[in-house]
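# Close look at the chain arrangement
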Amino acid sequence: ARLRVFLLPLFIWTLAGTCSAAEPVSMAVPDPDFIFEQKVMIPMRDGVRLSANIFRPRGEGRHPVILLRSPYGIPDAKWGDARRYVPRGYAMVAQDCRGRGGSEGTWDPFRHDPDDGRDTQDWIGKKEWCNGSIGTSGGSYVGWTQWASAADPSPYLKAMVPVVPFAEVYDDIVFPGGAFQLALAMGWGSSVAGIILPPDKLQKAYRHLPLKTFGDQFEKKVPYLNEWGRHGAYAGYWEQRGIRRNYSRVSVPALNIGGWYDIFSKATVDMTDRVRDTSHDRHGRRNQCVIMGPWAHGVGVRKVGELDFGEAASALKIGELQFQWFEYWLRGQETGVQDWPAFQLFVMGENLWRAENEWPLKRTVFTRYYLGGKNANSRSGGGTLSTQGSQEPANDRFSYDPENPVPSHGGNNLVGASAGPMDQSSVEDREDVLVYTTEVLEEDVEVTGPIKLILHAASSARDTDFTGKLVDVHPDGKAFNLCEGIQRARWRKGFDKERFLEPGVVEEYEVDLWVTSNLFKKGHRIRLEVSSSNFPRFDRNANSGKPFGEDEQLFKAEQTIHHGGSRASHLLLPVIPRKG
């Protein structure tokens, strides 16, 4: 049973160029099943009007309302979900975001969604056909439009079902680990502006420098892409494009649905965890739930990348769970929602679902896997990974050339690169990729939770990047990626201030490899890849130390990874004890 969401397909960003600013006309279209009002103009606080299609039951009465706000175009009277839900007593409102479709205003991604979402909820809640309860739904950017107003919602907002969502544009989209998430930000950002490029031209576009003029390289100029390439720090510009990290103010029950290989995998889990930990509202803290499957940006499937995760991956009846969520929170029907676990996690490798009540799991044993061995360059080298660290200091070296970056191959990608688990053998053949591997496992090892890499490293550059990737090596030698991350050196001690390197001086880096749940089976091996690039998922660090977005020339950097002795670089894995 594939996920049914109140949304056009989750990959509808590819249709962005088809949205047009048609002249808005409000009209009611006859339909035998429900009342359909097209292009209803809803006023915002600044006078801009946003276009919406409204679907509601015939006759008198007040109804709970399901709202989705989208930049990708909105459904018409043939919408299947409307025909499914309206006869059950729901009204539905599908709205074009500001500057999209039939809506007025200027399209500036993320900027106006917090206020526009709140204003739309207020308008709906006061209509004679609304019973005072609004739920929101949708995926990807339409998951963002739900979270955008979650910290300052209308009193009518009672529940959310965000699919593959995010809440902080700076943290989740543009600068995870301080490096610019190039393929997602610029690939999606250009496509939603109507610029659809074939793969070869898209790859060429990713190499454009300087990034502060990225939006000028196309026939149609895209000003906001240039703005993204000019703002490297979390300041006023990005604060206006997120919920300002105000998770303590979130009180709305939310069912978040995501995937381990999704571009927002970490965000999906972290948002829920932060609300559960910090919300001032007991009701909000207790009613945050997550479903995490083995999926990329399309959920509810069994085959992702090069792996088939079995029938269980597509067997969860998520559409029915969504319906039960809304029935309980919007209509007061007893559907068992109160007894749901906070986290429903798919354990890859074992390929089974499991219920948990916290994140990280309370029974987690955080275990250090130390980097060791000699000459770790490529999978043919002698790099080792072990729970027993060496007392002897050692190091591994590689050259990072941003003109020839390590290619993104699978993983948490969306635009311009493959997604999901892919055999990393070709990547691991490179001399600029350090490979550290355990011995063949004599028993199963489950890893579920946040993954961290602690590196002691030096560089010849004033600024550079370090990357890490967790890999499951199968008995046949194929090496499938699980999760990965990056840390930009200038932000290694926090985002409050840029701190540049003194060339040759060893520094400690904490590289966030995001999240996963995987059973490394007996006979498999655990592997770590270390390098300095993952392109085009992340931009290439020019190694110059110049302000973000200004580099036009790229420089090589000589990197040294220290391990053993007092500089014990290690992978910190959340190991879950197994019964029996």
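Residues numbered from 1 in each chain as written. Predicted model: local features only at pLDDT ≥ 70, side-chain atom pairs only at ≥ 80, totals over all residues. Heavy atoms only, no water.

## Some details on the overall build of the chain
Going by this rule: The helix and strand labels rest on DSSP assignments: H or I over at least four residues marks a helix, E over at least two residues marks a strand, and numbering proceeds from the N terminus. Both definitions apply: the radius of gyration is a C-alpha atom measure, and the globule rule equals 2.2 Å times residues to the power 0.38. To sort residues, take the accessible area from a 1.4 Å probe on protein chains only and compare it with the maximum for the residue type: under 20% means buried, over 50% means exposed, and anything in between is partly exposed. Contact definition: two residues touch when any of their heavy atoms are within 4.5 Å. The Shrake-Rupley method, run with a 1.4 Å probe sphere, supplies the accessible areas, and residue values consider only the shown protein chains as cover. Under the counting rule used here, the positive set is Lys and Arg, the negative set is Asp and Glu, and His together with the chain ends is not counted. In this description, the location of a charge corresponds to atom NZ of lysine, CZ of arginine, CG of aspartate or CD of glutamate.
Check the secondary structure of the chain and you find 13 helices and 24 strands. Taken over the C-alpha trace, the chain has a radius of gyration of 24 Å; the compact-globule value for 580 residues is 25 Å, and the two agree within 12%. Seen through its principal axes, the chain has C-alpha atoms that stretch 80 × 60 × 40 Å. Out of the 580 residues in the chain, the part that is buried amounts to 62%. Long-range pairs, those at least 24 residues apart, make up 75% of the contacts in the chain between residues at least 6 apart in sequence. Summing over all exposed atoms, the chain offers an accessible surface of approximately 21,800 Å²; the carbon and sulfur share of this is 46%. Measuring between centres, the 70 positive side-chain charges of the chain sit 2 Å from its 73 negative side-chain charges.

## Examining the pattern of salt bridges
Applied cut-off: For this analysis, a salt bridge means a side-chain nitrogen from Lys or Arg found within 4 Å of a carboxyl oxygen belonging to Asp or Glu.
Per the stated rule, a full pass over the model turns up 35 salt bridges. For Asp432, the salt bridge is made with Arg430, and the minimal N-O distance between the two is 2.8 Å. Residue class for Asp432 comes out buried when judged on its relative accessible area of 12%. For Arg430, a relative accessible area of 17% corresponds to the buried category. One salt-bridge network, in which partners are shared between bridges, spans Lys266, Asp270, Arg274, Lys452, Glu510 and Asp512.

## Some remarks on the confidence of the model for the chain
Just so we agree on the cut-off: What pLDDT conveys is the predictor's confidence in a given residue, as a value from 0 to 100.
Across the chain, the average pLDDT comes to 92, with 94% of residues at 70 or higher. Taken together, the stretch residues 1-30 has pLDDT below 50 and engages in 90 contacts with residues farther than four places along the chain or on a different chain.

## Some words on the pairing of strand β19 (residues 465-473)
Here is the key point about a regular strand: its side chains alternate between the two faces of the sheet. Counted only if it meets this: Between any two strands, pairing holds if DSSP finds at least two bridges.
The element β19 is largely enclosed, with a buried count of nine among its nine residues. With nine bridges joining them, β19 and strand β20 (residues 479-488) adopt antiparallel strand pairing. Its bridge partner being in β20, Gly468 is matched across the sheet by Gly485. Two successive antiparallel strands, β19 and β20, enclose a turn made up of five residues, where Gly477 displays a positive phi of approximately 95 degrees.

## Details of the environment of Ser390
We count it as follows: N or O atoms within 3.5 Å of each other form a polar contact, as long as, within protein, one can give a hydrogen and the other can take it, and as long as residues adjacent in sequence are counted only when both atoms are side-chain atoms.
Tracing the chain through its elements places Ser390 in the loop between β15 (382-386) and β16 (394-400). Placed 180 residues apart in sequence, Ser390 and Pro210 show a C-alpha to C-alpha distance of 43 Å. Each residue touching Ser390, except ones within four places of it in the same chain, is listed here: Gly564 and Gly565. For Ser390, the side chain forms a polar contact with the main-chain nitrogen of Glu392, separated by 3.0 Å.

## Observations concerning the packing of aromatic side chains
Inclusion rule: The criterion for an aromatic pair is that two Phe, Tyr or Trp rings (for Trp, the six-membered ring) have centres within 6.5 Å, with stacked assigned to planes under 30 degrees apart, edge-to-face to planes over 60 apart and tilted to the rest. The criterion for a charge sitting over a ring is simple: Lys NZ or Arg CZ within 6 Å of the ring centre, and within 35 degrees of the ring normal.
Using the criterion set out here, one finds 37 aromatic pairs in the structure. Linked through ring pairs, Trp107, Phe110, Tyr141, Trp144, Phe166, Trp188, Tyr224, Trp228 and Phe264 together constitute an aromatic cluster. Taking NZ or CZ as reference, Arg245 lies 3.7 Å from the ring centre of Tyr234, over its face.

## Some remarks on the pairing of strand β17 (residues 434-437)
By the alternation rule, side chains of β17 split into Leu434 and Tyr436 and Val435 and Thr437, which are all buried. Two elements, β17 and strand β22 (residues 525-531), share four bridges in a ladder whose sense is antiparallel. What sits directly across from Thr437, in β22, is Arg527.

## Topic: unusual backbone geometry
Residue Pro210 is reached from Leu209 by a cis peptide bond, and omega for that bond is -5 degrees. Its location among the elements puts Pro210 in the loop between α6 (199-206) and α7 (223-228). For the bond from Trp359 to Pro360, the omega torsion is -10 degrees, close enough to zero to count as cis. The backbone of Lys39 sits at a positive phi, close to 55 degrees, despite the residue not being glycine. Along the chain, the position of Lys39 falls in strand β2 (residues 35-43). Unusually for a residue other than glycine, Ser378 sits at a positive phi of about 75 degrees. Checked against the element boundaries, Ser378 lands in the loop between β14 (365-374) and β15.

## Comments concerning the environment of His231
Here His231 is to be found in the loop between α7 and α8 (236-239). Judged by its relative accessible area of 25%, His231 is partly exposed. Placed 318 residues apart in sequence, His231 and Gly549 show a C-alpha to C-alpha distance of 7.9 Å. Ignoring anything within four residues of it in the chain, the contact list for His231 reads Phe175, Tyr237, Trp238 and Phe548. A distance of 2.8 Å separates the side chain of His231 from the backbone oxygen of Glu227, its partner in a polar contact.

## Observations regarding the nonpolar core
Counted only if it meets this: Grouping buried Ala, Val, Leu, Ile, Met, Phe, Trp, Tyr and Cys residues that are joined through side-chain atoms within 4.5 Å yields what is termed a nonpolar core.
Formed by 134 residues in total, the largest nonpolar core has its most connected members in Phe180, Trp188, Trp228, Trp260, Ile561 and Leu571. The element best represented in this core is helix α12 (residues 318-331), accounting for eight residues. Excluding anything up to four places from it in sequence, Trp228 contacts Pro109, Phe110, Phe180, Ala185, Met186, Trp188, Gly189, Tyr237, Trp238 and Phe548. Residues Ile42, Val48, Val93 and Ala254 belong to the second largest nonpolar core, which totals 29 residues.

## Here we look at α6
Because an α-helix packs 3.6 residues into every turn, residues spaced three or four apart end up facing the same way. Note the cut-off: The arc refers to the directions leading from the helix axis to the C-beta atoms.
All of the buried residues along α6 are Leu202, Ala205 and Tyr206. The buried side chains of α6 occupy one side of the element, clustering within an arc of 100 degrees when seen end-on. In α6, the exposed residues that point more than 90 degrees away from the buried face are Asp200, Lys201 and Lys204. Elements in contact with the buried residues of α6: α5 (182-191).

## As for α12
Here is the rule: Take the number of residues in a helix, subtract one, and multiply by 1.5 Å to get its expected span.
The end-to-end C-alpha distance of α12 is 19 Å, a good match for the 20 Å that 14 residues give at a rise of 1.5 Å each. With respect to burial, α12 is a largely interior element, 12 of its 14 residues being buried.

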